[in-house]
Amino acid sequence: MNILELKNLTKTFGGLTAVGNVDFEVPKDSISGLIGPNGAGKTTIFNLITGVYKVTGGKIIFKGQDITNMEPYKIAESGITRTFQNIRLFKKLTVYENVLTACHANANYNLLESVLRTPKCRKQEKELKEKADNLLEIMGLHDRKDMIANNLPYGLQRRLEIARALALNPELLLLDEPAAGMNPDETVQLMALIADIREKFNLTVLIIDHHMDLIMGICEKIMVLNFGCKLAEGTPQEIQNNPKVIEAYLGVEG
Ligand SMILES: Nc1ncnc2c1ncn2[C@@H]1O[C@H](COP(=O)(O)OP(=O)(O)OP(=O)(O)O)[C@@H](O)[C@H]1O
Ligand SMILES: [Mg+2]
């Protein structure tokens, strides 16, 4: 079964076709990859899936439902969350506060209940704090929970972004260049972590990244974009042996 289907997806900006007639299916429970040269349209596809951009044409189907052009918060509620290519954290809050704020997005007590500190509210707050602690533990950030997010090393900021995305209880997690700026050791650790959270949280993961060792090592299915169009899709082995891909992308990237 496919958790996500892109049908003839198109996005133009003025005269520029950033994404042109892309068809792609993401199998449920898979780790899938989206690769291609700079400017190929990868981030634009994430922005379309999450409702940040309205589509110019085509459809986005999530769990069999048409979510095309739905409001971003509704898409997030329906089970798709993401990280950003340019890290977006509350830079002046601590690591723990960053995750706790995200956990609170799911709280269902109202302001009055919170002011009165009703038992329902206290119970939920306790659960949310436990959840935040648990996420920090899993993401290997617990010993830095009181650090200001901005002071974290870059690789850990990326992990914190993933923790925040997980706090929203996704079924489909979109990671936009999670290994950007990481050294080879950090990249290997991140790969293991992504595999781990997929199991722990029953996730489907779609990853954009330029680290071919990460993509080829972890993805079961890969789509290659070039100038907004799908150049190829297949298993890592099929992609690595595809002459069109080698010429357009792998050849130049090494
Ligand atoms: N809001 C926008 N307005 C105008 N053009 C845009 C906008 N967003 C993206 N584009 C253009 O769409 C094309 C695809 O951009 P996109 O960011 O999706 O590429 P990408 O594959 O993620 O590249 P990179 O690997 O560098 O992150 C580019 O030509 C880009 O300049
Ligand atoms: Mg991008």
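Heads up: the structure comes first, above all this text.
What you are looking at is a predicted structure, and each value in this text was computed from that prediction instead of being measured.

Every residue near ligand 1 is listed here: Phe13, Leu16, Ala18, Gly36, Asn38, Gly39, Ala40, Gly41, Lys42, Thr43, Thr44 and Gln85. For the shell around ligand 1, the secondary-structure elements that each account for two or more residues are strand E2 (16-27) and helix H1 (42-49). Per-class residue counts for the shell around ligand 1 are four nonpolar, seven polar and one charged.

A separate point is the sheet that holds strand E3 (residues 31-35). Read from one edge to the other, the open sheet built from six strands follows the order E6-E7-E8-E3-E9-E10, with strand pairing classed as mixed. Looking at strand neighbours, the two that pair on one side only are strand E6 (80-82) and strand E10 (229-234), the edges of this open sheet. Sheet twist, expressed as the average angle between the axes of neighbouring strands with direction ignored, equals 20°. Taken together, the five bridges between strand E9 (residues 221-226) and E10 define a ladder with antiparallel strand orientation.

So, on to the sheet that holds strand E5 (residues 65-66). Sheets are built from strands that pair by backbone hydrogen bonding, the pairs being arranged parallel or antiparallel. With antiparallel pairing, four strands are arranged side by side in an open sheet as E2-E1-E4-E5. Every interior strand has two partners, whereas the edge strands, E2 and E5, have only one. By the bridge criterion, five bridges tie strand E1 (residues 2-13) to strand E4 (residues 57-62) in an arrangement that is antiparallel. Bridge pairing links Thr10 to Gly57 in E4. Across the sheet, H1 lies against E1, E2 and E4, angled at about 70° from E2, the strand it touches most.

Time to look at the packing of helix H3 (residues 95-104) against helix H5 (residues 119-138). For the pair H3 and H5, the least separation of the axes is 9 Å and the interaxial angle reads 125°. By the criterion of interaxial angle, the relationship of H3 to H5 is oblique. Between H3 and H5 lies a crossing whose hand is right-handed. Mapping the contact onto sequence places Val95, Tyr96, Val99, Leu100, Cys103 and His104 in H3 and Leu128, Lys129, Lys131, Ala132, Leu135 and Leu136 in H5. Counted by class, the contact of H3 with H5 contains nine nonpolar, one polar and two charged residues.

Right, let's get into the environment of Asp133. Secondary-structure assignment places Asp133 in helix H5. Separated by 104 residues in the primary sequence, Asp133 and Gln237 place their C-alpha atoms 39 Å from one another.

A word on H1. Counting buried residues in H1 gives eight out of eight residues, a clear majority hidden from the surface. Looking only at H1, the buried set comprises Lys42, Thr43, Thr44, Ile45, Phe46, Asn47, Leu48 and Ile49. A positive backbone phi angle near 80° is found at Gly51, which sits one or two residues after H1.

The next point concerns helix H7 (residues 184-201). Taking 1.5 Å of rise per residue, 18 residues should cover 26 Å, and H7 covers 26 Å from first to last C-alpha, within 8% of that figure. Among the residues of H7, Leu190, Met191, Ile194 and Ile197 are the ones counted as buried. Projected onto a plane normal to the axis of H7, the buried residues spread over an arc of 135° and lie on a single side. Exposed positions of H7 whose direction lies more than 90 degrees from the buried face are Asp185, Ala192, Asp196, Glu199 and Lys200.

At a minimum axis separation of 7 Å, H3 and helix H6 (residues 154-167) run at an interaxial angle of 25°. Taken as axis vectors, H3 and H6 run roughly parallel relative to one another. Considering how the two elements wind past one another, H3 and H6 form a crossing that is right-handed. From H3, Val95, Asn98, Val99, Ala102 and Cys103 reach across to H6, where they touch Leu160, Ala163, Arg164 and Ala167. Among the residues making up the contact of H3 with H6, the classes are represented as seven nonpolar, one polar and one charged.

As a further point, take the pairing of E2. Both E1 and E2 contribute to a ladder of eight bridges, which runs antiparallel. The partner of Glu5 across the bridge, within E2, is Glu25. The antiparallel pairing of E1 with E2 creates a hairpin that spans two residues between the two strands, and Gly14 there sits at a positive phi of about 60°.

So, about the environment of Ser78. By secondary structure assignment, the location of Ser78 is in helix H2 (residues 72-78). Ser78 gets classed as partly exposed once you count the C-beta atoms within 10 Å, which come to 15. C-alpha of Ser78 to C-alpha of Gly41: the two residues are 37 residues apart in sequence and 24 Å apart in space.

With two bridges joining them, E4 and E5 adopt antiparallel strand pairing. Looking at E5, one finds that Ile61 is bridged to Asp66.

What counts and how
Residues numbered from 1 in each chain as written. Chains lettered and ligands numbered in written order. Predicted model: local features only at pLDDT ≥ 70, side-chain atom pairs only at ≥ 80, totals over all residues. Near = placed C-beta within 6 Å. Helix = DSSP H or I, 4+ residues; strand = E, 2+ residues; numbered from the N terminus. Nonpolar A, V, L, I, M, F, W, Y, C, P; charged D, E, K, R; others polar. Pairing = 2+ DSSP bridges. Axes fitted to C-alpha atoms, helices over the stretch in contact; angles between N-to-C directions. Contact = placed C-beta atoms within 7 Å. Parallel < 35°, antiparallel > 145°, perpendicular 65-115°, else oblique. Left-handed = near helix turned anticlockwise from the far one by under 90°. Buried ≥ 20, exposed ≤ 12 C-beta atoms within 10 Å, placed from the backbone. Expected span 1.5 Å × (residues − 1). Arc of directions from axis to C-beta.

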